[in-house]
Every structure is written in structure tokens, then in C-alpha cells.
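One letter stands for each residue in the lines below.
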Amino acid sequence: MQVPPFDLTEQLQQLGDDLDTAVLQVLRSGQYIGGATTHTFETSFAAATGSAHAIGCNSGTDALVLALRGLGIGPGDEVITCSFSFFATAEAISAVGATPVFVDVEESSYLIDLDQVEAAITPATKALLPVHLFGRPVDMEQVMAIAAAHGLQVIEDCAQATGASWAGRPVGSWGDAGCFSFFPTKNLGAAGDGGAVTCRDDALAQRVRELAVHGMPRRYLHTNLGYNSRLDALQAAVLNVKLPHLESWVQRRGALAQTYRQQLGGLPNLRLPEAGPAGHSWNQFVVRVPNCPVSQTSCADQCSPAANSADFGLPESCCRDWLKQELQASGVSTIIYYPIPIHRQPAYAELGYGPGSLPITERLTAEVLSLPIFPELRPAQQQRVVEVVQALVKQPLAA
Ligand SMILES: *Cc1c(COP(=O)(O)O)cnc(C)c1O
């Protein structure tokens, strides 16, 4: 049996003809940019995420850029975020001319260590950009308290956390702006790229809307240097069909995570992600392989150390790499989110974060492995993952 990390076949079957109908309707309407389909999605998405406004755009990356620009963040400003995330988190900060300032993550949650944030605040700090990584919500009450104490703005990176909430309130509705991605593997995926900015402030919503259309408040009047970043009507049509399923899909992710936690608990040398708070949306189920999965022997004999660790001054990842390789040999595909932290990427060499500057982030990149988790993962497939992992972590290495 093959178990993919992500597969849409089943979901497409479940949605039946609804997607075809919705897409054909847009195609035949001739209204491809803006219009009722996009408006309907923006209204429903705002309601689903507890925000006054949702502005559709081209991608999650653009959502971050538009939110940062809408909030007036630019050259000379610093934005505090984490390095254990997808590259776009920091790239967006740089794209508006500001500087990302990285703080380490918490080993237990994989999320930005809020206790280290205050030490990173300087007179240039303008905003905090927490990432709800892997679908787990950051403690937004603490984030908002820090922001209030220092007069900072808050932009939430919700790309992996559509459908997640903190303390019963959806992510993206806490900060000044929430940035969502509809990349196909996210909790709510389009048939291509898409994203949205959510916010409560009317004026900010208007600024973001204008920036996304060439800084143009009305046709051919340009009051700002903007951008072209819109959510296509075709993508909005797909999202309109899928949005009503979001809640049950997120619940299903939670159930799969619980099964993994029950069945893989207690294995030596395999660390499971914490259950986390209610409101975790489980975009990824990320285990850690800190030591050789099989005791009394060494992975280094069995696999060549990943090029990554040496080339980027990162801790050795041999044990994790061994498990990934053996899982693949048994038909279980896994993904490493993320093998090189943002602060050690060549593109950010100029920021000067050397090896060991964010020790927990660096160690996690050498240890993490994401097991297959998506709503349509069949029980038999999950059982297969469990059995293969159990067998590998228990049995001695082949000679
Ligand atoms: C996917 C992702 C983004 C970017 O979203 P795109 O739609 O791919 O541009 C930003 N931040 C995080 C944490 C992501 O996972």
C-alpha cells in the first residue's frame, strides 16, 4: 500500500459535481475578475474567520505583503517573527523593505517563544508576526498583551491554520490583520494559488483592497503604488464549494492526529507533537527523531549524513533522514517541514545569523518529519503508517 503525504482524489469524488458546476458557471459567465463569486467568497470567509473584512488576493505570500504595506510597514522598520516557518513569512517582510528579526521557537510547541520576544524589541520594531505553524494556534492573548505594552502592530500568519482558533476565537481575528493561503495543501485549498487578508478596521480593509489593485480607489485614479494581486473568480468558485466543509475537515484532521498520538505514543526515540490547545487545526502532524530510532546502534552507519546539515551549519539529521528513507521504502511518503531554517538560508546571509544563533529552531530542522495527514486519509492508510513506523522504531537496523 502506498501512502502519499497529500492526495485530492477522494475529496474530488466527495465534492462530486459541485466543483464542475461552480467552475463552469464562472467560465460561462465571462466574469473572471471580481464580481459576485469573489464577493460571495470574501463575505463567507470573513464570517467563517470571525473578521469584519476579508480581501481575496493572489496567494498567502501576497496576503502578508499587502497586510504589511496596508499597516504602513516599510524601510527602516523591524518585524519580529520566527525562523521556523515557510520562507514566505520572512520574504514578505523583506519585500516591503522592512527587516525580519527572528526569535527562537519553543521546543514543545514548535511555535515562536513569546518569552523571548520582548528582548528582541528595539526602537525600530513596528510589528509582531506570529506564525500558527502546522495549524497550531499561537497564544494570541499573550501576543496581544506584548503588542499593547509596546505599541506594536500584529500580523498573524494563518497560512497553515485556516479553521484554527485560540481561546475559542478564530486565528486571524486577533491581530490587526490575518493572512491566509489557499495553496492546495493548506486546510482550505483552491485549485491553484490564492490567499486572503482579514481585518476588523474598515480603513485598513480599504487600503489593502486598493493596494491589491494598483493603488486604485476608483478606475484609473492611482493614489498609491500598488500591485496586481486578486483572487480569481474561478478560484473563488472552488473555495465557495469547499468552505462549508472546512469545519468537518479540520475535525477530521484532529481525529487523525489523536489516533497517531494514541498509537505511536511511548515508542522509544520518537517524539510526538503535543496535543496542543483546543482549536489546533493540524495542517501537519510533525514528529521528531532526535536519536537513532533503534537503540544501541547508530544511524550514521546506515545513512550518509544529509548534505543540508553540513552545508548550512546545522545539527546532523541522520536519524531523521534514516527514518524518512525507510518509511519511503515501505511506501509511506513523508515531508520535512523545513530542512533549512529561514535564518540560515543563503538569501538571508546578510542578516548575519550564524550557526547556533537560534539553537532550538536549528535542532528541530534536523529532527522533524511530517507524517501523512489530510482529511481523506483512509483508516487503513493511517494504520499502515502506524505499523511501518512501529516496526522501524522497534526493530534492529538491517546489517
Ligand atoms: C504556505 C505559506 C505561506 C505562503 O502562502 P502561499 O499561498 O504559498 O503564497 C506563508 N506562510 C506560511 C507559514 C505558509 O505555510
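Just above, that's the structure.
These numbers were taken from a predicted model, which means no experiment stands behind them. (Residues numbered from 1 in each chain as written. Predicted model: local features only at pLDDT ≥ 70, side-chain atom pairs only at ≥ 80, totals over all residues. Heavy atoms only, no water.)

Participant: Help me out: how do you make sense of the packing of helix α12 (residues 318–329) against helix α14 (residues 379–394) in this one?
Facilitator: Helix-helix packing is characterised by the crossing angle of the two axes and by the distance between the axes. One way to put it is that α12 packs onto α14 with a least axis distance of 10 Å and a crossing angle of 130 degrees. The angle between the axes of α12 and α14 places the two elements in the oblique class. The way α12 lies across α14 gives a crossing that is right-handed. Residues W322, L323, E326 and L327 of α12 form the contact with α14, whose own contacting residues are V388, V389, L392 and V393. When its residues are assigned to classes, the contact of α12 with α14 shows seven nonpolar, no polar and one charged. (Axes fitted to C-alpha atoms, helices over the stretch in contact; angles between N-to-C directions. Helix = DSSP H or I, 4+ residues; strand = E, 2+ residues; numbered from the N terminus. Parallel < 35°, antiparallel > 145°, perpendicular 65-115°, else oblique. Left-handed = near helix turned anticlockwise from the far one by under 90°. Contact = heavy atoms within 4.5 Å. Nonpolar A, V, L, I, M, F, W, Y, C, P; charged D, E, K, R; others polar.)

Participant: Teacher, can you tell me more about the pattern of salt bridges here?
Facilitator: Two side chains of opposite charge can pair, provided their charged atoms sit close to one another. For the coordinates displayed, the defined rule picks out eight salt bridges. Of the charged contacts in the structure, one is a salt bridge between K126 and D77, with a shortest N-O distance of 2.9 Å. Of this pair, K126 sits in strand β4 (residues 125–128) while D77 sits in the loop between α4 (60–70) and β2 (78–82), and the two are 49 residues apart along the sequence. Ionic pairing is found between R136 and E274, a salt bridge with its closest N-O pair at 2.8 Å. Linking R136 in the loop between β4 and α7 (140–150) with E274 in the loop between α10 (246–264) and β10 (285–288), this pair joins segments that are 138 residues apart in sequence. Of the residues examined, R136 reaches a relative accessible area of 13% and is grouped as buried. Each of E107, R271, R288, R363 and E367 takes part in a single network of salt bridges with overlapping partners. (Salt bridge = Lys/Arg side-chain N within 4 Å of Asp/Glu carboxyl O. Buried < 20%, exposed > 50% of the residue type's maximum accessible area, 1.4 Å probe, protein only.)

Participant: Just checking my understanding: could you explain a nonpolar patch on the surface for this structure?
Facilitator: On the surface, a cluster of nonpolar side chains totalling about 410 Å² of accessible area is made up of L24, L27, Y32, I33 and L234. Its location among the elements puts L24 in helix α2 (residues 18–29). Given the relative accessible area of 35%, L24 is considered partly exposed. (Patch = residues over 30% accessible without salt bridge, like charges linked within 9 Å, V, L, I, M, F, W, Y side chains within 5 Å. Areas by Shrake-Rupley, 256 points an atom, 1.4 Å probe, with all protein chains shown as cover.)

Participant: Hey, could you run me through the sheet that holds strand β9 (residues 195–199) in this one?
Facilitator: Adjacent strands of a sheet pair through backbone hydrogen bonds, lying either parallel or antiparallel. Strand order in the open sheet formed by seven strands is β1-β9-β8-β5-β4-β2-β3, with mixed pairing between adjacent strands. Pairing within the sheet leaves two strands with one partner each, and these edge strands are β1 (53–57) and β3 (99–103). Strand-to-strand twist across the sheet, computed as the mean angle between neighbouring axes with direction ignored, equals 25 degrees. Contacts between α4 and the sheet are confined to β1, β2, β5 (153–157), β8 (177–181) and β9, with β8 contributing the most and set at about 165 degrees to the helix. Packed onto the sheet, helix α5 (residues 88–95) meets β2, β3 and β5 and runs at close to 145 degrees relative to β3. (Pairing = 2+ DSSP bridges.)

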